[in-house]
Amino acid sequence: MEPSTIGLIGLAVMGENLVLNMEHHGFSVSVYNRTAQRTRELVEGPGRGKKIHPTFDVRDFVASLARPRRIFLMVQAGAAVDEVLAQLRPHLSPGDVVMDGGNSYFKDTDRRSKEMAAAGLAYFGVGVSGGEAGALNGPCIMPGGPREAYGLIEPILTAIAAQVPDGPCCTYIGPGSAGHYVKMVHNGCEYAVMQLIAEAYDLLRTACGLNARELSDIFARWNEGELQSYLIEITAKVLAYVDPDSRQPLVDLILDQAGQKGTGKWTSQDALDLGVPIPAIDAAVSARNISALKAERVAAAEILSGPTEGAAPLGRDFVEVVRAALYGGMILAYAQALALLRAASHEYGYDLNLSEISRIWKGGCIIRAKLLDSIQAAFRRSPDLVNLLVDAGMSEAINRHQSALRQLIQEAISRGIAVPAFSAALAYFDSYRRERLPVNLIQAQRDFFGAHTYQRIDRPGTFHTEWE
Ligand code: 6PG
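Residues numbered from 1 in each chain as written. Predicted model: local features only at pLDDT ≥ 70, side-chain atom pairs only at ≥ 80, totals over all residues. Heavy atoms only, no water.

1. Quick notes on empty space enclosed by the protein
Here the idea is plain: a probe the size of a water molecule rolls over the atoms and shows the empty space left. Throughout the structure, instances matching the rule amount to 1 cavity of 30 Å³ or more. Every residue lining the largest cavity is listed: Asn 103, Ser 104, His 180, Lys 183, Met 184, Thr 263 and Trp 266. Of all the elements in the fold, those that place two or more residues in the lining of the largest cavity are helix H8 (178–206) and helix H11 (263–274). Looking at the lining of the largest cavity element by element, the count peaks at 3 residues for H8. Here the lining of the largest cavity is composed, by residue class, of 2 nonpolar, 4 polar and 1 charged. (1 Å grid on protein atoms, 1.4 Å probe; cavity = no way out; pocket = protein on both sides within 12 Å on 5 of 7 lines; lining within 4 Å. Points joined across faces, edges and corners; volume = space filled by probe spheres on them. Helix = DSSP H or I, 4+ residues; strand = E, 2+ residues; numbered from the N terminus. Nonpolar A, V, L, I, M, F, W, Y, C, P; charged D, E, K, R; others polar.)

In structure tokens form, the structure reads like this:
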């Protein structure tokens, strides 16, 4: 039997779809799964008659691969990755390449990279975005690991990735955990944009009194303009979906408690560690956390009240305000995500190319959006751009959209509708653009109670004052 070009372990939906995608592009694939039944279902079902080689033992799996071996892991992030690596390692030889395509925590990826490198093995943390459909038809792929081994996997990864007019949605991201870090921040941005959309939906529904069908039409129309993006597109589809049993919009029947698997939280945690402000992403993580307090919220709704004056319903004009505010909010969310990537690139030595990252995010991934054309252009003009907002094109756009952001937030606040992501995004803008912030007072207070010292604007040096 001809050795397979690549092997894949972990045949849940994402893994299975990646196998079919690889095979579709002409690569023969050996597969292995913890439960043999899943492997049989693949080769007797959608994989029937294809160059997919089932194996039922890790040793046979490894033996079935061409050398140097290329192995893609699609197992659940966490302990399962270490377990699979422990099973694989005795059978691997120096020069073999192992890729982890899950949403692994980047510090785990750094640890695993070092352990594998010590055995002469190349380890890649590979961010894969695009969900089940993306895995099958072309995801966005963010591989990070040893540069010298990238050539061994590049032809496969670029072939199976989504394609945009300026190339495949896959590029070498950087060393060590760079790929998983960039995927983590992609997800943080995904959280922020999803929360902005949810807040826009809430206002249109609650303050304008629009129903799901009307909202679907609005989102579909928005998707034809500057807001065009995967998340706006699927929002229109979600809002249009009618539950076959109840004949009601399904979205109205879904419990308002958001799940999360960790990538958004890790983005906020690491941003705090690096001292990088990403308040729109933080707000989105907190919004999911507060949503999870369903029982508490139901009880609190009996006790706590909102504004007593009933505000008049908003007219159709407000729809355009929400649209423009959403675009402004999206610019601010991407700006925060990219500012974090810039800082992480320096801190962790990733040497990220933000123009290339923006380019590959234009296709296949969950945060793909027309806006990324302008973002890519901004970082192509100035690879070292300190913040997206100070790019000439972007500053013009955010300056123009800020009044809609202000109007949206004012209307929401006067009605007692929480808009944490919009508020955090605008506060970031209003703080970032201000030459002088009120933290002179904080410095004075710190010096008052703790002799923490301060600097002055009228002369150099470090000062302490006996304030009383
Ligand atoms: C993607 C998604 C994907 C997954 C998220 C969901 O890019 O394809 O980000 O990786 O859907 O991890 O994350 P939560 O369960 O935390 O919302």
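After that view of the structure, there is still more to cover.
2. Concerning unusual backbone geometry
Across the junction of Arg 67 and Pro 68, the peptide omega takes the value -10 degrees, indicating a cis bond. With respect to the helices, strands and loops of the structure, Pro 68 is situated in the loop between helix H3 (58–63) and strand E4 (70–73). Even without being glycine, Asp 351 reaches a positive phi, approximately 55 degrees. Examined against the element boundaries, Asp 351 turns out to sit in the loop between helix H14 (317–348) and helix H15 (354–360). Positive phi values are uncommon outside glycine, yet Ala 451 reaches one of about 50 degrees. With respect to the helices and strands, the residue Ala 451 is situated in the segment after helix H19 (439–450).

3. Thoughts on the layout of surface pockets
Looking at the second largest pocket, its volume works out to about 310 Å³. Together, 13 residues line the second largest pocket, and Arg 436, Asn 440, Gln 455, Arg 456 and Ile 457 are the ones closest to its centre. Along the lines of polarity and charge, the residues of the lining of the second largest pocket split into 6 nonpolar, 4 polar and 3 charged.

4. Points about the environment of Gln 228
Tracing the backbone through its elements, the reader meets Gln 228 in the loop between helix H9 (212–222) and helix H10 (230–240). What makes Gln 228 partly exposed here is its relative accessible area of 38%. With 99 residues separating them in the primary sequence, Gln 228 and Tyr 327 have C-alpha atoms 9.7 Å apart. Gln 228 has contacts with Trp 222, Asn 223, Ala 369 and Lys 370, leaving out every residue within four places of it along the chain. (Buried < 20%, exposed > 50% of the residue type's maximum accessible area, 1.4 Å probe, protein only. Contact = heavy atoms within 4.5 Å.)

5. Some remarks on the domain arrangement of the protein
The assigned domain composition of the protein is domain 1 (6–176), domain 2 (183–432) and domain 3 (437–468). Spacing between the C-alpha centres of domain 1 and domain 2 amounts to 32 Å. Each partner contributes to the interface: domain 1 provides 26 residues, whereas domain 2 provides 25 residues. Interface area, domain 1 with domain 2, both sides summed: about 1,800 Å², of which 62% is carbon and sulfur. Summed over the three residues of domain 1 that lose the most area to domain 2, namely Asn 103, Phe 106 and Asp 166, the buried surface amounts to 27% of that side. One can count 1 salt bridge joining domain 1 with domain 2. Residues Lys 362 and Asp 166 are paired through a salt bridge, measuring 3.2 Å at the closest nitrogen-oxygen approach. Viewed at the interface, domain 2 and domain 1 are joined by 8 residue pairs in polar contact (both at pLDDT 80 or more). Elements with a minimum of two residues in the side of domain 1 that touches domain 2: helix H5 (106–118), strand E6 (122–129), strand E7 (140–144) and strand E9 (167–168). Class assignment of the residues belonging to the side of domain 1 that touches domain 2 gives a composition of 14 nonpolar, 10 polar and 2 charged. (Domains from an automatic or database assignment. Buried area = accessible area lost by both parts, 1.4 Å probe. Salt bridge = Lys/Arg side-chain N within 4 Å of Asp/Glu carboxyl O. Polar contact = N/O pair within 3.5 Å; in protein donor to acceptor, adjacent residues only side chain to side chain.)

6. Some remarks on the sheet that holds strand E3 (residues 52–54)
Overall, mixed pairing links the 7 strands, which are arranged E3-E2-E1-E4-E5-E6-E7 in an open sheet. Lying at the two open borders of the sheet, with one neighbouring strand each, are E3 and E7. When the angles between neighbouring strand axes are averaged without regard to direction, this sheet yields 25 degrees. Where E6 and E7 come together, 5 bridges link them in antiparallel fashion. Each bridged residue has a counterpart across the sheet, and for Gly 125 the counterpart in E7 is Gly 144. Where helix H2 (residues 36–44) meets the sheet, it contacts strand E2 (29–32) and E3, and its direction lies at approximately 150 degrees from that of E3. This element, H5, spans strand E5 (97–100) and E6 of the sheet and lies at about 150 degrees to E6. (Pairing = 2+ DSSP bridges. Axes fitted to C-alpha atoms, helices over the stretch in contact; angles between N-to-C directions.)

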